Every structure is written in structure tokens, then in C-alpha cells.
Protein chains: 2
Amino acid sequence: MSAPPELPHPPADSLSLSQVLFALSDPARREIARNLREGPLEAAACSAVAADVPKSTKSHILKVLRESGVIRNEPNPNGRGRLLTLRRDDLEARFPGLIDPILDADLRES
Amino acid sequence: MSAPPELPHPPADSLSLSQVLFALSDPARREIARNLREGPLEAAACSAVAADVPKSTKSHILKVLRESGVIRNEPNPNGRGRLLTLRRDDLEARFPGLIDPILDADLRES
DNA sequence: CCGATGGTTCAAGTATTATCGAACCATGAG
DNA sequence: CTCATGGTTCGATAATACTTGAACCATCGG
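Residues numbered from 1 in each chain as written. Chains lettered and ligands numbered in written order. Predicted model: local features only at pLDDT ≥ 70, side-chain atom pairs only at ≥ 80, totals over all residues. Heavy atoms only, no water.

A. Region of interest: the pattern of salt bridges. Overall, the coordinates contain 14 salt bridges over all chains when judged by the stated rule. As a salt-bridge pair, A:Arg72 and A:Asp90 come within 3.0 Å of each other at their nearest N and O atoms. Separated by 18 residues along the polypeptide, A:Arg72 in strand S2 (residues 71–75) and A:Asp90 in helix H4 (residues 88–94) bring together distant segments of the chain. As a salt-bridge pair, B:Arg34 and B:Asp106 come within 2.9 Å of each other at their nearest N and O atoms. (Salt bridge = Lys/Arg side-chain N within 4 Å of Asp/Glu carboxyl O. Helix = DSSP H or I, 4+ residues; strand = E, 2+ residues; numbered from the N terminus.)

If you want it as C-alpha cells, here you go:
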């Protein structure tokens, strides 16, 4: 699927609010997070975001989201490619009530 | 008190989520916002933030918060200095449920 | 084994932010 | 009027972040 099967993820109890807010301060990154609300997606599939953006760029976007703890990026157990998951529970545990208002807000942006 | 008595503020209905999240992705900026939760403060007073930071730096921090629509920065009607206000209602109207979880989160940061 | 597919990492260039001194501004006190 | 106080703006430099091509990696299909 991709390079190192296992990529590093910050533990649930050490997520940084600054990092999370920064990660979500970008529309493209928020869009990915929003795509994952209804459940995990294959990385290749979730590209609601720009088909025209180079893969290295997309990979970087995912990296920021992963390193901030917003998403999980792991090898797809059954199937090819990688599986992206919103770390909803971890975020909710550490920053209660934070994630939903953020993702909801975009839905009705003027 | 300071330069132009009236500084520009974004209208309540055009606040940008990206700008707000970005502004609040910095601990120092969040701290200021938190200081304003219980009501407006004189700029000079609210320096819970570093007394050692140069005033131009502090002014810049306030600028980011102001331009994102998080705070209002206006001449103090009765008294000297400038008055800082958290634009709670405006934020709440545009991004319901967003601001409180963010400011609450810092209170129990590990 | 081989190629195609999907994905990461590296490096380099560009762009955006942060920091802070210095100059400037406005007001209140004397 | 003048000075001290509190604050903004400007300009330069440093630090971060973004973007992208190229190289590399892993897995699946055939």
C-alpha cells in the first residue's frame, strides 16, 4: 500500500489542542476530516479533495492530520491501500465537544 | 491611547472558520481569549501573557485575534487604554458551540 | 518475477508567520 | 504645552509551513 506499514500516531491522552486546531484551520484538511465522519475510508477514495493535487501534497496533508491526532492512517486490513479514520473518540475524550462544531460549521459556510 | 482610534473588525456574518481556528491554534492567543471570557479587559491589564514580551509583539498577537474576529479591540470609552472584548455572541452565532470547548480545553491541559 | 497501483519520504524552493526594534500616534496628567 | 503612558505600524530577519518532483517502498494481479 505505501511505505512503512505502520506510521506513528500520537497517543490519545497527549493530543495537543494547538496542533489539532492548527490542523483543522485549513479547509482542505477539514474536508478530509469531514469525509471521515461517517466512517473510515480508503485514502484513495476519500479524495473528495482535489484530484489534481500531486500525491506528495496529499500525503503531506494527511501527515499533518495524523501527527495532530485528528486521523488515523493505517494499512487496510482487508484490502489494498490505507485506511483513514477520524479519531473521534480520542478527540472527544480529550477535548469534549470540540470536533463536531468544527466539522458542522463548514456545512453551512456562506 | 494607541494609533487609529478605530481599528477594522470583520463583520459578524463573515467570520472565517479557518481564520478563527488558526488564531486560536496558538496558546498565547488562546490565553488572551480566555482572559476575556468573564468580560472585557483593558489591553494593558489582560497581559496575563508575558510581561517580558515586547509591545510590538503583543500588538501583533492582538491583531491576529482581532482580524479573525475573535476579539474586539476598541478605545476604552471611559478611561484610558483600549478595551478588549471576546466576540462571544458573534462567534456563537456563526459557529455554534465552537468557542467554549476550545477555551475550556486549556483549563485542564495535562 | 514483473508491472501497475497507491502511498511515503526527501530535498529544494516558495510563501506565510512570528519576533522585535524603532518610529509614530493619541490621550490624560500636570 | 509637554511629558509619560499605552499602543499601533513599519521594516527587517528568523522560523515555519506549503508545494512539488523524484526516488523509493509495499502489495496485488497476472
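B. Spotlight on the pairing of strand S3 (residues 82–86) of chain A. All names here are of chain A. The element S3 is largely enclosed, with a buried count of 5 among its 5 residues. The alternating pattern of S3 places Arg82, Leu84 and Leu86 on one face and Leu83 and Thr85 on the opposite face, and all of these are buried. Alignment of strand S1 (residues 41–42) against S3, held across 2 bridges, turns out to be antiparallel. Bridge pairing links Glu42 to Leu83 in S3. In this sheet, S3 lies alongside S2 in antiparallel orientation, the contact comprising 5 bridges. Counterpart to Glu74 in the pairing with S3 is Leu83. (Buried < 20%, exposed > 50% of the residue type's maximum accessible area, 1.4 Å probe, protein only. Pairing = 2+ DSSP bridges.)

C. Helix H2 (residues 27–35) of chain A, seen in detail. Buried within H2(A) are the following residues: A:Arg29, A:Arg30, A:Ile32 and A:Ala33. The buried residues of H2(A) occupy an angular sector of 155 degrees when the element is viewed end-on, so they sit on one face. Along its buried surface, H2(A) packs onto helix H1 (17–23), helix H3 (55–68), S3 and helix H5 (99–107) of chain A together with helix H1 (17–23) of chain B. (Arc of directions from axis to C-beta. Contact = heavy atoms within 4.5 Å.)

D. Looking closely at the interface of chain B and chain A. On the side of chain A, 20 residues touch chain B, which itself brings 20 residues to the contact. Buried surface at the junction of chain B and chain A, summed over both partners, amounts to about 1600 Å²; 58% is from carbon and sulfur atoms. Taken together, the links from chain B to chain A amount to 0 salt bridges. Between chain B and chain A we count 4 residue pairs in polar contact (both at pLDDT 80 or more) in total. Sorting the residues of the side of chain B that touches chain A by element identifies H1, helix H2 (27–35) and helix H5 (99–107) of chain B as the ones contributing at least two each. Taken together, the residues that form the side of chain B that touches chain A break down as 11 nonpolar, 4 polar and 5 charged. (Buried area = accessible area lost by both parts, 1.4 Å probe. Polar contact = N/O pair within 3.5 Å; in protein donor to acceptor, adjacent residues only side chain to side chain. Nonpolar A, V, L, I, M, F, W, Y, C, P; charged D, E, K, R; others polar.)

E. Main features of the relation of the copies chain B and chain A. The two copies are related by a screw operation: chain B maps onto chain A through 180 degrees of rotation and 0.0 Å of translation along the axis, at an RMSD of 0.0 Å. The symmetry that links the two subunits is that of a two-fold axis. A shared interface surface links the copies, since 100% of the contact residues of chain B are contact residues in chain A too. (Least-squares fit on C-alpha atoms with pLDDT ≥ 70 in both.)

F. Focus on the nonpolar core. A:Leu24, A:Val70, B:Leu24 and B:Val70 are the most contacted members of the largest nonpolar core, which has 52 residues in total. Once you skip the residues sitting within four places of it in the chain, B:Leu24 turns out to touch A:Leu21, B:Arg30, B:Ala33, B:Leu65, B:Val70, B:Ile99 and B:Ile102. (Core = buried A, V, L, I, M, F, W, Y, C linked by side-chain atoms within 4.5 Å.)

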